[in-house]
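# Analysis of the macromolecular model
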Amino acid sequence: MKFLTKPFLAILSLAMVFFACPLLAKEILIDRIAAVVNSEPILLSEVEGRLEIERQKESTSLMQLLNQIIDQRLEIQAARKKGLSVTDSEVQAALEETRVRNGLKDEEAFKKSLAKENLTLEKVTEEIKIQLLIRKLFQRDILQDVVIQEKELQAYYQNHLDLFKIPEKREISQILFEWKPDDDGPAREKVKEEAHILYGRLQKGEPIEDLIKEKWNYSRAMTLSELGTFEKGELLSVLDEAAFNTEAGKWSSPVESPLGVHLLRVTQKPAKYRSLDEVSPQIKEKLFQEKSEQLMSEWMANLRKSATIEMPLLKDPSFNNQGARP
């Protein structure tokens, strides 16, 4: 589980329910009860304070947020009912991990960073405590039952082969006749002519090494170099087209670019697929996440069904009830 990755607003996930911020509601509604979860009230001030933080990141309605807070209150109640708790040492270890991960040298630097986000160490400590408690609940009631079978890995691999495809590549050698900055039209034509003469001799099967040893009286220095290995789309468009349309082991016809005139020789590296053994950890992680989310969703639905939830806020005509759950 991760805590407080930058920016710090990200850690205030679904349930900063133990503190009040400046209220956004009309004065007449201050400190009214927004909902009651198994006889435990959720104050409107809690929801409004949390809403102010959420709206700095994304568009969230008050009713959406209230339902999120209700879900987390149910999770906290379930954890405590099962006798789960979080020790001070666990909380401090998580705080220290957060500080180090964010590159903050000491607690004072940590506090200053939090202050920039209108947070305090006390608020963050309480949020981490909640997250740790809920994580223990999920590990006990849900995650320990998630098992990924070998046949599931194999099925996912076969059905999603394109995800594990390694695109074909070209290993490229190049002969380059460079332009000079002051080359005029005739000078450039001379360079292109020389490149085509060389290309013709290469087409006849003359080894490039022998042609270089001849030390022709070129108007330009002719250089032979290894460019490396490239996937389609990684080179200049004119070179890319030549490289991927030239038969392996052959030289391309001369290609012009802003650098000069190129002849390319390619070695084809065909597309292939990463093996199942290689990608099994990646597949297993994805399937584990999908199964966990599904089980958590079902678990939460059952928790709501067995709970007594009242939402007085729905009866107030001053609020838009869109987003409220039945």
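Values in this document were obtained by computation on a predicted structure and should not be read as measured data.

Take the overall build of the protein chain next. Secondary structure summary: the protein chain contains 10 helices and nine strands in total. Counting only residues that meet the buried cut, the protein chain has 41% of its 326 residues in that class. A separation of at least 24 residues holds for 74% of the contacts in the protein chain among residues at least 6 apart in sequence. A total accessible area of about 19,000 Å² is found for the protein chain, and carbon and sulfur atoms account for 49% of it.

Our next topic: unusual backbone geometry. For Asn38, which is not a glycine, the phi torsion comes out positive at approximately 50°. In this structure, Asn38 sits in the loop between β1 (33–37) and β2 (40–43). Exposure remark for Asn38: the relative accessible area of 36% places this residue in the partly exposed category. Positive phi, close to 75°, is recorded for Ser39, a residue that is not glycine. Within the fold, Ser39 resides in the loop between β1 and β2.

Taken in spatial order, the four strands make up an open sheet running β5-β4-β7-β6, and their pairing is antiparallel. Edge positions in the sheet fall to β5 (222–231) and β6 (255–257), since each of these pairs with one other strand and no more. Within the sheet, the average angular offset between the axes of one strand and its neighbour, ignoring direction, is 35°. Sheet topology note: the β6/strand β7 (residues 260–269) ladder contains three bridges and is antiparallel. The partner of Glu256 across the bridge, within β7, is Val261.

Taken as a whole, the protein chain shows an average pLDDT of 82; of its residues, 83% reach a score of 70 or greater. Below pLDDT 50 for its whole length, residues 1–30 participates in 86 contacts with residues either more than four positions away or in separate chains.

What follows is about the pattern of salt bridges. Within the structure shown, the criterion is met by 18 salt bridges. The partner of Lys136 in a salt bridge is Glu90, with the nearest N and O atoms 3.0 Å apart. Residue Lys136 is located in helix α5 (residues 121–141), and its partner Glu90 is located in helix α3 (residues 88–101); the two are separated by 46 residues in the primary sequence. Among the residues examined, Glu90 registers a relative accessible area of 30% and is labelled partly exposed. Because the salt bridges share partners, they merge into one network encompassing Glu40, Glu46 and Arg73.

Our focus in this paragraph is the packing of aromatic side chains. For any two aromatic rings, the description comes down to two numbers: the centre-to-centre distance and the angle of the planes. Going through the model one piece at a time under the given rule, you end up with two aromatic pairs. Between Phe138 and Trp299, the aromatic rings sit 5.7 Å apart at their centres with planes inclined by 90°, giving edge-to-face as the arrangement. Of this pair, Phe138 sits in helix α5 while Trp299 sits in helix α10 (residues 276–305), and the two are 161 residues apart along the sequence. One exposure class covers both Phe138 and Trp299, and it is buried. Between Tyr157 and Phe164, the aromatic rings sit 5.5 Å apart at their centres with planes inclined by 20°, giving stacked as the arrangement.

Moving on, we come to the sheet that holds β1. Strand order in the open sheet formed by three strands is β2-β1-β9, with antiparallel pairing between adjacent strands. Edge positions in the open sheet fall to β2 and β9 (309–310), since each of these has one partner strand only. As paired elements, β1 and β2 share four bridges and run antiparallel to each other. When the bridges of β2 are listed, Ile33 appears paired with Leu43.

Definitions and limits used
Residues numbered from 1 in each chain as written. Predicted model: local features only at pLDDT ≥ 70, side-chain atom pairs only at ≥ 80, totals over all residues. Heavy atoms only, no water. Helix = DSSP H or I, 4+ residues; strand = E, 2+ residues; numbered from the N terminus. Buried < 20%, exposed > 50% of the residue type's maximum accessible area, 1.4 Å probe, protein only. Contact = heavy atoms within 4.5 Å. Areas by Shrake-Rupley, 256 points an atom, 1.4 Å probe, with all protein chains shown as cover. Pairing = 2+ DSSP bridges. Axes fitted to C-alpha atoms, helices over the stretch in contact; angles between N-to-C directions. pLDDT = per-residue confidence, 0-100. Salt bridge = Lys/Arg side-chain N within 4 Å of Asp/Glu carboxyl O. Phe/Tyr/Trp six-rings, centres within 6.5 Å; stacked < 30°, edge-to-face > 60°.

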